[in-house]
Amino acid sequence: MKKSKHAVETTNLSISWGAINVLDQLNFELNEGEKLAIVGPSGSGKSTILKILAGLILPTEGELRIFGEKQKYLRLDQNSPPDVRLVFQNPALLGSLTVEENVGFLLKRNKNLTKKLIHEIVSECLAEVGLFNVENKLPNELSGGMQKRVSFARALITDQTLNTNTKPLLLFDEPTAGLDPIASSRIEDLINKTNNKAKGSSIVVSHVLSTIERTSDKVLMLYGGKFRWAGSIDEFKESNDPYVFQFRHGKLDGPMQPKDI
Ligand code: ADP
Ligand code: MG
């Protein structure tokens, strides 16, 4: 894989559903090791960006490079797809598989790994997220919060025999939506822990201020298909930009209006 300091680089990335340009010629870069928050109101296209980065949907136009490698679509066309891990808003575990099978799913492809070794790697990742002795349980035997932790453990799984020195790109979609402030803090800690453990780059999509502020170095504000503001997390806290101000204070008046969505 070509060396690049950019984990992500997009050129005029666009996607339309029918006549609506949900993402309209977006250009952005994420340096390796950096932590980015993409923020914006509901329906602005945040999840769509993550799905494109994860190779789940195709842009209508534009170019995407991940770790310097131009992405062909979908990932199945690629010999060495990049290590991109998307943590969905809901845990998205496979209901008929045990926790161990869910978390160790990727490792099973590798015939060189013994069952015992997979079990050890999975248990280690589960311990990282504070889960013990749940390997043989089915997802519906766990609480919602525990299921969420399992989905984080799944994002931590690395097959060291294959990816000798890949640093993953971690994507988190609304990780704390609908959680109380204490549960949110725990998830935010978990995001930071997952980032540190994986030694990767990350993009968190969120409209929860504490999550944005606690998990990111820089912020992009998406609205009406375009990035309206970009800056560091400290600038985001202080900015008087009309988009940032309206978003942070939940104001009804401002540049973002329902008719535009
Ligand atoms: P966000 O995550 O910021 O809330 P989304 O990325 O989910 O926004 O969606 C952005 C817009 O694209 C919304 O208006 C949504 O209705 C539309 N959209 C998303 N997926 C599809 C699809 N598969 N078909 C048609 N419209 C879609
Ligand atoms: Mg979304």
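Here the structure is a predicted model, which is why all the values come from computation and not from measurement.

Chemist: Help me out: how do you make sense of the site of ligand 1 in this one?
Modeler: Around ligand 1 lies a shell formed by W17, V22, P41, S42, G43, S44, G45, K46, S47 and T48. Between ligand 1 and the protein, one listed contact pairs a nitrogen atom with a side-chain N or O atom of W17 at 3.2 Å. At a separation of 2.8 Å, an oxygen atom of ligand 1 approaches a polar side-chain atom of S47. A total of 560 Å² of accessible area belongs to ligand 1 in isolation, and the protein chains cover 58% of it. Taken together, the residues of the shell around ligand 1 break down into 3 nonpolar, 6 polar and 1 charged.

Chemist: Even after reading the chapter, I still don't get the sheet that holds strand β7 (residues 84-87), so can you show me in this structure?
Modeler: Pairing between the strands of a sheet is mediated by backbone hydrogen bonds and can be parallel or antiparallel. In spatial order, the strands read β7-β8-β9-β4-β10-β11; together these 6 strands make up an open sheet with mixed pairing. Both edges of this open sheet fall to β7 and β11 (226-232), since each of them pairs with a single strand only. Looking at each pair of strands side by side, their axes are set apart by 15° on average, direction ignored. Sheet strands touched by helix α4 (residues 144-156): β7 and β8 (169-173). Its angle to β7, the strand with the most contacts, is close to 175°. Packing against the sheet, helix α8 (residues 242-249) makes contact with β4 (35-39), β10 (218-223) and β11, and its axis sits at approximately 95° to β10.

Chemist: It is not clear to me how the packing of aromatic side chains should be interpreted in this structure. Could you clarify?
Modeler: Here the distance between the centres and the angle between the planes together describe a pair of aromatic rings. According to the stated counting rule, one finds 4 aromatic pairs in the structure shown. Between F28 and F227 the ring centres are 5.6 Å apart and the planes differ by 85°, which places this aromatic pair in the edge-to-face class. You can see F28 sitting in the loop between β2 (20-26) and β3 (29-31) and its partner F227 sitting in strand β11, a full 199 residues away along the chain.

Chemist: Which parts of the structure should I look at to understand the environment of V219?
Modeler: Its place among the elements puts V219 in strand β10. Judged by its relative accessible area of 1%, V219 is buried. In sequence terms V219 and D83 are 136 residues apart; their C-alpha atoms lie 23 Å from each other. Once you skip the residues sitting within four places of it in the chain, V219 turns out to touch L36, A37, V39, I212, W229, A230, G231, I233 and F236.

Chemist: Would you explain unusual backbone geometry in this entry?
Modeler: In terms of backbone geometry, most residues other than glycine have negative phi values and most peptide bonds are trans. The phi angle at N12 is positive, at roughly 50°, despite the residue not being glycine. Among the structural elements, N12 can be located in strand β1 (residues 6-17). Judged by relative accessible area, N12 falls into the partly exposed class, the value being 31%. The phi angle at N133 is positive, at roughly 55°, despite the residue not being glycine. You can see N133 is positioned in the loop between α3 (115-128) and α4.

Chemist: Whenever I open this one, the side chain of N195 confuses me. Can you help?
Modeler: You can see N195 is positioned in helix α5 (residues 181-198). Contacts of N195, omitting those with residues within four sequence positions, involve K35, L170, F172, G200 and S202.

Chemist: It is not clear to me how the pairing of β8 should be interpreted in this structure. Could you clarify?
Modeler: Moving residue by residue along a regular strand, the side chains alternate between the two faces of the sheet. Burial within β8 is extensive, with 5 of its 5 residues counted as buried. Taking every second residue as pointing to the same face, both faces of β8 are buried, with L169, L171 and D173 on one and L170 and F172 on the other. As judged from the 5 bridges shared by β8 and strand β9 (residues 201-205), these two strands associate in the parallel manner. Within the sheet, the bridge partner assigned to L170 lies in β9 and is S202. A crossover connection joins β8 to the parallel β9 through α5; in handedness this β-α-β unit is right-handed.

Chemist: How do you make sense of α5 when you look at a structure like this?
Modeler: An α-helical turn contains 3.6 residues, so any two residues separated by three or four positions project in the same direction. The terminal C-alpha atoms of α5, which comprises 18 residues, lie 25 Å apart, in line with the 26 Å expected from a rise of 1.5 Å per residue. Taken as a whole, α5 has its buried residues at A183, S184, I187, E188, L190, I191, N192, T194, N195 and A198. Along its buried surface, α5 packs onto β4, α3, α4, β8, β9 and α6 (209-215). The opening residue of α5, the one whose side-chain oxygen lies 2.9 Å from the backbone nitrogen of I182, is D180. Directly after α5, the chain includes K199, whose backbone phi takes a positive value near 55°.

Chemist: When you look at the environment of R149 in this model, what are you seeing that I'm missing?
Modeler: Position of R149 relative to the elements: it lies in helix α4. With relative accessibility at 21%, the residue R149 sits in the partly exposed group. As a C-alpha pair, R149 and N90 span 59 residues in sequence and 11 Å in three-dimensional space.

Reading the values: the criteria
Residues numbered from 1 in each chain as written. Chains lettered and ligands numbered in written order. Predicted model: local features only at pLDDT ≥ 70, side-chain atom pairs only at ≥ 80, totals over all residues. Heavy atoms only, no water. Near = heavy atom within 4 Å. Polar contact = N/O pair within 3.5 Å; in protein donor to acceptor, adjacent residues only side chain to side chain. Areas by Shrake-Rupley, 256 points an atom, 1.4 Å probe, with all protein chains shown as cover. Nonpolar A, V, L, I, M, F, W, Y, C, P; charged D, E, K, R; others polar. Pairing = 2+ DSSP bridges. Helix = DSSP H or I, 4+ residues; strand = E, 2+ residues; numbered from the N terminus. Axes fitted to C-alpha atoms, helices over the stretch in contact; angles between N-to-C directions. Contact = heavy atoms within 4.5 Å. Phe/Tyr/Trp six-rings, centres within 6.5 Å; stacked < 30°, edge-to-face > 60°. Buried < 20%, exposed > 50% of the residue type's maximum accessible area, 1.4 Å probe, protein only. Right-handed = clockwise from strand over helix to strand, strands pointing away. Expected span 1.5 Å × (residues − 1).

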